[in-house]
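# Summary of structural features
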Amino acid sequence: GIVLLSPMSYMLPWWRALSLVIFILGMPVLVLTFQLQESPKWLATRERTDEMYKGLCYIASVNGHPAPPPPPPRPAVSLPVAGNQQAAGVDDASKKRSVLRILICDGRVS
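Below is a short write-up of the structure.

### Comments concerning the overall build of the protein
When you go through the protein residue by residue, the secondary structure sums to 5 helices and 0 strands. From first element to last, N terminus to C terminus, the protein shows the α and β order α-α-α-α-α. Counting every position in the protein, which comprises 110 residues, the buried fraction comes to 14%. Long-range contacts, defined as pairs at least 24 residues apart, comprise 31% of the intrachain contacts of the protein with a sequence gap of at least 6. With the model as given, the accessible surface of the protein reaches about 8,900 Å², and the carbon-plus-sulfur share is 66%.

### Brief notes about the environment of Gln 37
By secondary structure assignment, the location of Gln 37 is in the loop between helix H2 (15–33) and helix H3 (40–45). Judged by relative accessible area, Gln 37 falls into the exposed class, the value being 52%. As a C-alpha pair, Gln 37 and Gly 55 span 18 residues in sequence and 7.9 Å in three-dimensional space. Beyond its immediate sequence surroundings of up to four residues, Gln 37 is in contact with Gly 55 and Tyr 58.

What counts and what doesn't
- Residues numbered from 1 in each chain as written.
- Predicted model: local features only at pLDDT ≥ 70, side-chain atom pairs only at ≥ 80, totals over all residues.
- Heavy atoms only, no water.
- Helix = DSSP H or I, 4+ residues; strand = E, 2+ residues; numbered from the N terminus.
- Buried < 20%, exposed > 50% of the residue type's maximum accessible area, 1.4 Å probe, protein only.
- Contact = heavy atoms within 4.5 Å.
- Areas by Shrake-Rupley, 256 points an atom, 1.4 Å probe, with all protein chains shown as cover.

Written as structure tokens, this is what we have:
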């Protein structure tokens, strides 16, 4: 896009015409922005595993591959005990990161 701006500005010296051409060429990008899905890796980092699995199944069907195995069940998150809230929060965060590492390293999340 930006590479074409210099030749277009040379061919269209009127700034209003150039602005209109740039606007028209940018409209498909704006429309496609709302059609794109989030990546499965982003969904996995946000712990939206159900949506992640649906997205992986869609990608597999478009590419003609069988559906991937479903993700493992989410581990139960224990509530922090009164008086030890900070330590429990850190422990829960490390559990979530380890589950994501397992998913990514096993190739279940691309």
